[in-house]
Amino acid sequence: MKKRIIIGLILVFLLILLIMAVQSVSQPRAGASLKGGDKIGVIDVSGTITGTSTTSLLTGTTNSARDIMAIIRQAASRPDIKAVVLRVDSPGGTSVASQEIGMELDKLRATGKPVVTSMGDVCASGGYWIACSTDHIMANPATLTGSIGVIMELQNVQGLYEKIGVQSIVIKSGEHKDMGSPFRELTAAEQQLLQGIVNDSYQQFIDQVVKGREGKITREQLLPLADGRIFTGAQAKELGLVDSLGDYYDAVDQARVMAGMSGEAPIEVLNQQDMWKRLFTSLDSVLGGNQPQARLYY
Amino acid sequence: MTLLDILYGLIFQPQATMRELARTKPLLAASLVFVAVYLANMLLQQASRSITETGLGLLPASLAGLLGAVGAAVSVAIWFIVAGLFSLLAEIIYGYGNGKGVLTCLGFAAFPGIFGPALYYASILVNLEPLGMVFYVISILWVIGLQVLALREALTLTTTQAILVYLLPVVMLLGILVLLLVMGGLALSSLPLP
């Protein structure tokens, strides 16, 4: 009887730990609850920034603007998150998705929590847009950044369709309703209209950089650089496009200092999803979540 | 002997329990314990990492699950191969083999291996990580001790003989490695210079 009680207690102890372990793995922050205290939240932004979910089953991070915005809001509302490190490894994405993330970052900073960007391999275009909505930008010397500009790409498959005998019939309410259609040439007027959209979007990008880099680079200094060219992190530092050079842990330290935290504050990756959510989001992406459309890209 | 009796015995009366296990050979229960311990360890290690790692190097749950399943299958295969090898070596050297007995005893010998990751995880939760590392090392040594005991009881060897059989595959592997390196070096040195 005594034997059974002893081994029973040991097994119950192990079972409790296993249940807690399952919780820790499925919701990384739950397991750390006993540790308590203030933390630095890390938000991973990897790959193309889009409006629709593009969760990677393997890496477990999502770049859907909606999901990232929700995580930024979570960081803003959680009292234990004292600072945020935005780890960006992205060549950019759609203009609206980048703008939306940037706006939420501005709101997060308005709560008084410092936000530091840590640039990975690439933090260009839309990636740089969102970095401009953070308090401090840290790049690796070899990071590729910049690419300040806007691009809109359209395809014309008219010739191909003619070869295979497919004719497109369009019934439209106005002259420009099928502007950008892949089944016909773009007219000069349409080209002018689209150029106007691209130019306006480009001005918004310039405004964002000037606002985000106030006191570090002027509009006049920025304009010659903002022709879509890319820079290394070291070059960007010289030009005032980033604040300092360092790796991910340096960025964490910077966030810690800016938040006035002492000692070794624990880090929590905020956008690490549990297995099931990741699986279903991935399936959703595969089964039609991403429909090709004409979009503006930063 | 029920499973609870066996688990209790492995902790508090290992010698008598191993002797009994070598005699009765409850292989199904041994397989269950072995796989359960492996999966539990995988889960506990991942949970520990989810707290201590920065997250950038953390294994995603889905990948960890996949690796866990593959790892469990591989470790079962290794368990079978190693048990067979130990039994074969004992038969060659000492004239007595007991494949199923060795397999069963080695399977159960993995049981204390759960305490290392479990106590390490618990120690992280209460901010005593260094103590957890000590538990981890103790748990590994405990498993090694039980494995030697498993060989001793299943193959009716002395402790020295059991240690010899236990270490022989490692020594042989090292020997083969050294031989291959020497042969590779000789082959390279015999190549004509450009």
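It should be noted that the structure appears before, not after, this text.
What this report covers is the structure whose coordinates are included nearby. All of these numbers come straight from a predicted model, not from anything done at the bench. (Residues numbered from 1 in each chain as written. Chains lettered and ligands numbered in written order. Predicted model: local features only at pLDDT ≥ 70, side-chain atom pairs only at ≥ 80, totals over all residues. Heavy atoms only, no water.)

1. Observations regarding the overall build of chain B
Under the convention used in this document: Helix and strand definitions here come from DSSP, where helices need a minimum of 4 consecutive H or I residues and strands a minimum of 2 consecutive E residues; each element is numbered from the N-terminal end. The contact criterion used is simple: two residues touch if any of their non-hydrogen atoms lie within 4.5 Å.
Tallying secondary structure elements over chain B gives eight helices and zero strands in all. When the helices and strands of chain B are placed in sequence order, the string is α-α-α-α-α-α-α-α. For chain B, the proportion of contacts with a sequence separation of at least 24, taken over those separated by at least 6, is 70%.

2. Describing the layout of surface pockets
Residues and elements named next belong to chain B. Filter applied, for reference: Method remark: on a 1 Å grid restricted to protein atoms, a set of points is classed as a cavity if a 1.4 Å probe fits but cannot get out and as a pocket if it is open with protein on both sides within 12 Å along at least five of seven lines; lining residues have an atom within 4 Å of a point. Grid points are joined across faces, edges and corners, and a volume is the space filled by probe spheres set on the points. Polar here means any residue outside two lists: the nonpolar Ala, Val, Leu, Ile, Met, Phe, Trp, Tyr, Cys and Pro, and the charged Asp, Glu, Lys and Arg; Gly therefore counts as polar.
Each pocket or cavity is described by its volume, and for the largest pocket that value is around 670 Å³. Around the largest pocket sit 23 residues that line it, and Phe34, Ser75, Ala110, Val143 and Gln147 are the ones nearest its centre. Among the elements that take part in the lining of the largest pocket, helix 3 (residues 27-52) stands out by supplying six residues, more than any other. A breakdown of the residues in the lining of the largest pocket according to their chemical character gives 17 nonpolar, six polar and no charged.

3. Points about the packing of helix 3 of chain B against helix 6 (residues 115-125) of chain B
Residues and elements named next belong to chain B. The condition that has to hold: Where helices are involved, their axes are fitted lines through C-alpha atoms of the stretch in contact, as for all axes, and angles between N-to-C directions lie from 0 to 180°. Note that the term roughly parallel is reserved for angles under 35 degrees, roughly antiparallel for angles over 145, roughly perpendicular for angles of 65 to 115, and oblique for everything else. Less than a right angle of anticlockwise turn of the near helix away from the far helix marks a crossing as left-handed, whereas a clockwise turn marks it as right-handed.
One can describe the packing of helix 3 onto helix 6 by two numbers: an axis separation of 9 Å at closest approach and a directional angle of 25 degrees. Classed by the angle they form, the pair helix 3 and helix 6 counts as roughly parallel. As for how helix 3 packs across helix 6, the hand of that crossing is left-handed. Between helix 3, through Asn41, Leu44, Gln45, Ala47, Ser48, Ile51 and Thr52, and helix 6, the contact on the second element is made entirely by Pro117, Ala118, Tyr120, Tyr121, Ile124 and Leu125. Each residue belonging to the contact of helix 3 with helix 6 can be placed in one class, and the counts come to nine nonpolar, four polar and no charged.

4. Digging into the packing of aromatic side chains
All names here are of chain B. Definition in use: By convention, a stacked pair of Phe, Tyr or Trp rings (six-membered ring in the case of Trp) has centres within 6.5 Å and planes under 30 degrees apart, an edge-to-face pair has planes over 60 apart, and any other such pair is tilted. Whether a residue is buried, partly exposed or exposed follows from its accessible area with a 1.4 Å probe, protein chains only, as a fraction of its type maximum: under 20%, in between, or over 50%, in that order.
For the coordinates displayed, the defined rule picks out ten aromatic pairs over all chains. Measuring from ring centre to ring centre gives 4.5 Å for Phe34 and Trp79, while their planes differ by 15 degrees; the resulting arrangement is stacked. Placement of Phe34 in helix 3 and of Trp79 in helix 4 (residues 61-94) is noted, with a sequence separation of 45 residues between them. As far as the burial class goes, Phe34 and Trp79 line up, both buried.

5. Let's talk about the pairing of strand 3 (residues 115-124) of chain A
Residues and elements named next belong to chain A. Counted only if it meets this: DSSP calls a pair of strands paired once it identifies at least 2 bridges connecting them. Viewed with both strands pointing away, a crossover whose connecting path from the first strand over the helix to the second turns clockwise is right-handed.
Where burial is concerned, most of strand 3 is hidden: eight out of the ten residues are buried. As paired strands, strand 2 (residues 81-90) and strand 3 are joined by six bridges and run parallel to one another. Within strand 3, the position partnered with Val88 by the bridge is Met119. Viewed along the sheet, the connection from strand 2 through helix 4 (residues 95-110) into strand 3 turns out right-handed. With three bridges joining them, strand 3 and strand 4 (residues 136-139) adopt parallel strand pairing. Within the sheet, the bridge partner assigned to Ser118 lies in strand 4 and is Met138. Remark: the strand 3/helix 5 (residues 126-131)/strand 4 crossover connection has right-handed handedness. Two strands pair when backbone bridges link them, and strand 3 and strand 5 (residues 144-146) are joined in this way by three bridges, in the parallel orientation.

6. Notes on the environment of Ala72 of chain B
With respect to the element layout, Ala72 of chain B can be found in helix 4. Leave out the neighbours within four places in its chain, and Ala72 of chain B touches Tyr38 and Leu39 of chain B.

7. Section: the pattern of salt bridges
Note the cut-off: Here, a salt bridge means any Lys or Arg side-chain nitrogen found within 4 Å of an Asp or Glu carboxyl oxygen.
Under the definition given, this model contains 20 salt bridges over all chains. Note that Lys211 of chain A and Asp106 of chain A form a salt bridge whose closest N and O atoms lie 3.5 Å from each other. Remark: Asp106 of chain A occurs in helix 4 and Lys211 of chain A occurs in helix 7 (residues 188-212); sequence separation between them is 105 residues. Residue classification places Lys211 of chain A among the exposed residues on the basis of a relative accessible area of 53%. Residue Asp106 of chain A is classed as partly exposed on the basis of its relative accessible area of 23%. Of the charged contacts, one joins Arg152 of chain B and Glu153 of chain B as a salt bridge, the two residues approaching to 3.1 Å between their closest N and O atoms. Judged by relative accessible area, Arg152 of chain B falls into the buried class, the value being 18%. Overall, the relative accessible area of 11% leaves Glu153 of chain B in the buried class.

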